[in-house]
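# Tertiary structure, described
Take a look at the letters that make up each chain.
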Amino acid sequence: EVLVESRQALLEKLSGQQRHSVNLFISLLKDQEGHYLSIEDSVALLKGASSKPIFTYWDFVIKSTPVVGGSVISGREHGVQAAKLAVRILKGEGADSIPVDLDATHTPMFNYHVLTHHGISISDLPEGSVVFNKPENVWHQYGSWVLLVLIVGLLQGGAIIYLMTRHHRWHR
């Protein structure tokens, strides 16, 4: 948790950021009365206080707020890995003999709209990155439907030509 003395104090701290600075959203913010701000409100406060990109390491934050992204932890995958470790320990394996795997649940994930807003190119992202909200081209989105319509149209056109020639021969 991060204690925010006041919104004004946060604004002052963030306004003094260097030119190439970024913000890292790591936790919920807590106001001076001890109330936690929601994830959305916490990110909105940071976004309102700074024009710099906001990164995070939680996948659900990328999906629900205007942050760039980062090397994130999937809450679901993290839980699956923790359950597997628990099963190993319950079967008698010593916890101290299980090696720590720091890379197992991290995936580079980014929000396309926020990337483009900050002038970050997809080509600059790490290989294997997942990009949310990426616009798809028309062919990728509707290609199978276009092919279906073309095939049906060609079949109908062929049938019409065949029937017209048969009709023309019939009336001769």
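Computed from a prediction, not measured in an experiment: that's the story for all the values here. Sequence positions are assigned chain by chain, starting from 1 and proceeding in written order. Confidence filtering applies because this is a predicted model: local features only for residues at pLDDT of at least 70, side-chain atom pairs given and counted only at 80 or more, and all residues used for totals across whole chains, interfaces and linings. Computation of side-chain values covers all heavy atoms of the structure but excludes hydrogens and water.

Helical segments are the DSSP runs of H or I of at least four residues, strand segments are the runs of E of at least two, and each set is numbered from the N terminus. When you go through the protein residue by residue, the secondary structure sums to 6 helices and 7 strands. Scanning the protein from its N terminus toward the C terminus, one meets helices and strands in the order β-α-β-β-α-β-α-β-α-β-α-β-α. For a compact globule the rule gives 2.2 Å times the number of residues to the power 0.38, and the radius of gyration it is set against comes from C-alpha atoms. Rg of the C-alpha trace for the protein: 27 Å, well past the compact-globule value of 16 Å for 172 residues, more than 25% over. For the protein, the proportion of its 172 residues judged to be buried stands at 24%. Partitioning the intrachain contacts of the protein with sequence separation of at least 6 by distance along the chain shows that 51% fall at a separation of at least 24. Using a 1.4 Å probe, the Shrake-Rupley method yields the accessible areas, and only the shown protein chains count as cover for residues. A total of about 12500 Å² of accessible surface is found on the protein, and carbon and sulfur atoms cover 60% of it. In this tally Asp and Glu are treated as negative and Lys and Arg as positive; neither His nor the chain ends contributes. A single reference atom marks each charge: NZ on Lys, CZ on Arg, CG on Asp, CD on Glu. On the protein, the mean spot of the 15 positive side-chain charges and the mean spot of the 16 negative ones are 17 Å from each other. Burial status follows relative accessibility: with a 1.4 Å probe on protein chains alone, a residue under 20% of its type maximum counts as buried, one over 50% as exposed, and anything between as partly exposed. Between two residues, a contact is recorded if the distance between any of their heavy atoms is within 4.5 Å.

Bringing unusual backbone geometry into the picture now. Although it is not a glycine, Asn133 adopts a positive phi angle of roughly 60 degrees. Among the structural elements, Asn133 can be located in the loop between strand 7 (130–132) and helix 6 (138–170). By relative accessible area, which is 44% here, Asn133 ends up partly exposed.

Here we come to the confidence of the model for the protein. In predicted models, pLDDT denotes the confidence assigned by the predictor to each residue on a 0 to 100 scale. Confidence in the prediction for the protein averages 84 pLDDT; 95% of positions are at 70 or higher. Within the protein, helix 5 (residues 112–117) carries the highest mean pLDDT (91), whereas strand 1 (residues 2–3) carries the lowest (50).

To continue, consider helix 2 (residues 39–49). Burial in helix 2 covers these residues: Ser42, Val43, Leu45, Leu46 and Ala49. Looking straight down helix 2, one finds its buried side chains confined to an arc of 155 degrees; they lie on one side. Arc definition: directions from the helix axis to the C-beta atoms.

Attention now goes to the nonpolar core. Within soluble globular proteins, side chains that are nonpolar tend to cluster in buried spots. Counting 15 residues, the largest nonpolar core has Phe25, Val43, Leu46, Ile54 and Val67 as its most contacted members. At the level of secondary structure, the elements contributing two or more residues to this core comprise helix 1 (7–15), helix 2 and helix 3 (59–64). At 4 residues, the largest contribution of residues to this core is made by helix 2. Beyond its immediate chain neighbours, meaning those up to four positions away, Phe25 contacts Ile39, Ser42, Val43, Leu46, Ile54, Phe55, Thr56, Tyr57 and Val61. Buried residues of nine kinds, namely Ala, Val, Leu, Ile, Met, Phe, Trp, Tyr and Cys, make up a nonpolar core once their side-chain atoms join them within 4.5 Å. Formed by 5 residues, the second largest nonpolar core is a distinct cluster that contains Val68, Phe110, Val114 and Leu125.

This part is about the pairing of strand 6 (residues 106–111). Think of it this way: DSSP has to see at least two bridges between two strands before they count as a pair. Judged from the 5 bridges that link them, strand 5 (residues 69–73) and strand 6 form a sheet pairing that is antiparallel. In the strand pairing of strand 6, Ile73 is matched with His106. Relative to strand 7, strand 6 runs parallel, the two being bridged by 3 bridges. Pairing of Met109 across the sheet is with Val130, part of strand 7.

Examined against the element boundaries, Ser50 turns out to sit in the loop between helix 2 and strand 4 (54–56). With a relative accessible area of 8%, Ser50 lands in the buried category. Of note is the side chain of Ser50, whose polar atom sits 3.2 Å from the side chain of Asn23. Once residues lying within four places of it in the same chain are set aside, the contact partners of Ser50 are Leu14, Gln17 and Asn23. Two N or O atoms form a polar contact when they lie within 3.5 Å of each other; inside protein one atom must be a possible hydrogen donor and the other a possible acceptor, and for residues adjacent in sequence the pair counts only when both atoms belong to side chains.

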